[in-house]
Amino acid sequence: MNSKLFVIYGLILVALVLSGCEKKNPPQTKTSKTTITNKENKMDITKESFGQVDGKEVFAYTLTNANALKAKLMTYGGILISLEVPDKNGQLADIVLGYDNVDDYVKLNPYFGALIGRFGNRIGKGRFTLDGVDYQLATNDGENHLHGGLKGFDKVIWNAEEVKTPNAVGVKFTYLSKDGEENYPGNLKCTVIYTLTNDNELKIEYEAETDKATPINLTHHSYFNLNAMTDNVLSHELTLTADNFTPVDAGLIPTGEIAPVKGGPMDFTSTHTIGERIDKVTGGYDHNYVLNNSDGSLALAATVTEPTSGRVMEILTTEPGIQFYSGNFLDGAITGKDGIVYKKHYGFCLETQHFPDSPNKPNFPSCILRPGEKYTQVTIHKFYAK
Ligand code: BGC
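Cut-off values and rules
- Residues numbered from 1 in each chain as written.
- Predicted model: local features only at pLDDT ≥ 70, side-chain atom pairs only at ≥ 80, totals over all residues.
- Heavy atoms only, no water.
- Helix = DSSP H or I, 4+ residues; strand = E, 2+ residues; numbered from the N terminus.
- Buried < 20%, exposed > 50% of the residue type's maximum accessible area, 1.4 Å probe, protein only.
- Polar contact = N/O pair within 3.5 Å; in protein donor to acceptor, adjacent residues only side chain to side chain.
- Near = heavy atom within 4 Å.
- Areas by Shrake-Rupley, 256 points an atom, 1.4 Å probe, with all protein chains shown as cover.
- Nonpolar A, V, L, I, M, F, W, Y, C, P; charged D, E, K, R; others polar.
- Pairing = 2+ DSSP bridges.
- Contact = heavy atoms within 4.5 Å.
- Salt bridge = Lys/Arg side-chain N within 4 Å of Asp/Glu carboxyl O.
- Phe/Tyr/Trp six-rings, centres within 6.5 Å; stacked < 30°, edge-to-face > 60°.
- Lys NZ or Arg CZ within 6 Å of the ring centre and 35° of its normal.
- Core = buried A, V, L, I, M, F, W, Y, C linked by side-chain atoms within 4.5 Å.

A word on the side chain of Asn 109
Mapped onto the secondary structure, Asn 109 falls in the loop between helix H2 (102–107) and strand S6 (114–116). When its relative accessible area of 13% is taken as the criterion, Asn 109 is described as buried. Side-chain polar atoms of Asn 109 contact the backbone nitrogen of Phe 112, separated by 2.6 Å.

See the structure below:
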């Protein structure tokens, strides 16, 4: 072959290779683009009226992520009304307890799905002293203060704004808790952003600022049942990243001790079903676990698996504690969504938080927010099935 022909053949070959590449590349680009477009198209936020409370309209927002998971939230109490996640066969079902209408939430709500504040969990006798001033809060749980008092953040109407990012849909709730509300000091500006991501996470981001020093302990109070309320939660398997817990007195106020869980019925450092040792715990589980990660970074706190459906929920948090409550006070008196009767242990709560009664326990991580500081918390509920 002479050198001219060699060059011509060479050029033809290069042209063929290039045209081949051109043919291959566009469909690839197109597919991935279409996927992204489809994902964005599938993601959705709808807003509807959910009735009225005290003459004020309450709105419900339904978030749908790219994988068809759904979270429905309302402005009353920032309540998560329903959360649909898939089982091992891809079957979606609602996995949180709640009601079909707002009136039932107003009538009687043991905090189903609610945002809790200003101070989640208990404060002994409703009393604390801060910077030399004594405060007396409502005693709405025997002689103690529970979940923010008579009208906590679970019973107020929050402002809401839709949030959309390429990977998530959400609602941003804001609420100004005025100085003196429920006898807490300081105007407290709160923001809670719930997002449902395309990685199948329900992410809750909290922020707050105050103009006077105040205790603060915000949390979310969903009762979960990963088998869609077909039975109680005693066969759910639980692991907690906690070597210690805070023992309590008869009124569920911590004694101040940080005790190891090792070996006993409180020990979930290795996986156990909720029901396996519950009879050995007086009243059932209703305890604050001291998470091993205490530096404020986001870390795995809990994993719950429901073996029949295969649904798994992981909880990651920046908080130092988590209250594990096994639905001990549910007794069949409440009929919830779809006419389902919520019997004992029909739901469990894992409330990420600072420790109960921390305003009165100097050895617990401080829950005091001062002017100029920012309260932040991030908690993620991640779902998959196996
Ligand atoms: C508490 C329980 C209480 C439940 C509902 C939980 O956070 O730890 O003692 O019964 O909330 O009020």
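Moving on from the model shown.
Observations regarding the site of the ligand
Of all residues adjacent to the ligand, which total 13 residues, the nearest are Arg 122, His 147, His 221, Asp 286 and Glu 351. With respect to the ligand, the side chain of Gln 323 contributes an N or O atom lying 3.2 Å from an oxygen atom. A distance of 2.6 Å separates an oxygen atom of the ligand from a polar atom in the side chain of Glu 351. Burial of the ligand by the protein chains amounts to 93% of its free accessible area of 310 Å². Its residues assigned to classes, the shell around the ligand comprises seven nonpolar, three polar and three charged.

Focus: the sheet that holds strand S19 (residues 259–260)
Two pairing modes exist for strands in a sheet, parallel and antiparallel, and in both the strands are linked by backbone hydrogen bonds. An order of S19-S18-S21-S24-S27 is seen for the five strands of this open sheet, with the pairing classed as antiparallel. Pairing within the sheet leaves two strands with one partner each, and these edge strands are S19 and strand S27 (349–353). In terms of strand pairing, strand S18 (residues 244–246) meets S19 through two bridges, oriented antiparallel. Bridging from a neighbouring strand, Phe 245 pairs with Ala 259 of S19.

So, the environment of Asn 183
Residue position: Asn 183 is located in the loop between strand S12 (168–177) and strand S13 (188–197). Along the chain, Asn 183 and Tyr 135 lie 48 residues apart, while their C-alpha atoms are 7.2 Å from each other. When neighbours within four sequence positions are excluded, Asn 183 is seen to be in contact with Tyr 135, Gln 136 and Leu 137. Side-chain polar atoms of Asn 183 contact the backbone oxygen of Gln 136, separated by 2.8 Å.

Details of the pattern of salt bridges
Taken as a whole, this structure holds ten salt bridges when the rule is applied. Asp 104 serves as the salt-bridge partner of Lys 107, at 3.4 Å between the closest nitrogen and oxygen. On the criterion of helical spacing, the pair formed by Lys 107 and Asp 104 is a turn pair, its members being three residues apart in helix H2. When its relative accessible area of 22% is taken as the criterion, Asp 104 is described as partly exposed. Its salt-bridge partner being Asp 154, residue Lys 155 comes within 2.7 Å of it at the nearest N-O pair. Residue Lys 155 is classed as partly exposed on the basis of its relative accessible area of 27%.

Focus: the packing of aromatic side chains
For the structure shown, the criterion picks out 18 aromatic pairs. Their ring planes at 65 degrees and their centres at 5.3 Å tell us that Phe 268 and Tyr 285 sit as a pair that is edge-to-face. Of this pair, Phe 268 sits in the loop between S19 and strand S20 (272–273) while Tyr 285 sits in the loop between S20 and strand S21 (286–290), and the two are 17 residues apart along the sequence. Owing to a relative accessible area of 0%, Phe 268 belongs among the buried residues under this scheme. The class of Tyr 285 is buried, set by a relative accessible area of 0%. Here the aromatic rings of Phe 268 and Phe 324 are separated by 5.8 Å at their centres, their planes lie at 80 degrees, and the arrangement is edge-to-face. With Phe 268 in the loop between S19 and S20 and Phe 324 in strand S24 (residues 321–325), the pair connects residues that are 56 residues apart, well separated along the chain. In this structure Phe 324 comes out as buried when scored by relative accessible area, which is 0%. What links up through ring pairs into an aromatic cluster is the set Tyr 99, Tyr 105, Phe 112, Tyr 223, Tyr 325, Phe 329 and Tyr 342. Sitting over the ring of Phe 59, Lys 47 keeps its end group 4.4 Å from the ring centre. For the cation-ring pair, Arg 277 lies above Phe 268, with the distance from its terminal atom to the ring centre recorded as 4.8 Å.

Some words on unusual backbone geometry
The linkage connecting Gly 117 with the following residue, Arg 118, adopts the cis geometry, with an omega of 0 degrees. Along the chain, the position of Arg 118 falls in the loop between S6 and strand S7 (122–123). Its identity as a non-glycine residue notwithstanding, Met 229 has a phi of 60 degrees, on the positive side. Locating Met 229 in the fold gives a position in the loop between strand S16 (219–221) and strand S17 (237–240). Phi at Leu 252 takes a positive value of approximately 65 degrees, unusual for a residue other than glycine.

Overview of the nonpolar core
Judged by nonpolar contacts, the single largest core of 61 residues is most densely connected at Leu 83, Tyr 289 and Leu 350. Residues within four places of Tyr 289 in sequence aside, it is in contact with Leu 240, Ala 242, Asn 244, Phe 245, Val 261, Met 266, Phe 268, Pro 320, Gly 321, Ile 322 and Phe 324. With 25 residues, the next largest nonpolar core counts Val 53, Ile 116, Leu 146 and Cys 349 among its residues.

A look at the environment of Tyr 105
Topologically, Tyr 105 is positioned in helix H2. Of the residues examined, Tyr 105 reaches a relative accessible area of 2% and is grouped as buried. Look past the residues within four positions of Tyr 105 in its chain and what remains in contact with it is Phe 50, Met 74, Tyr 76, Ile 79, Ile 81, Gly 98, Tyr 99 and Phe 112. Polar contacts involving the side chain of Tyr 105 include one to the main-chain amide nitrogen of Tyr 99, which spans 3.0 Å.

Any functional reading would require information that these geometric values do not contain.
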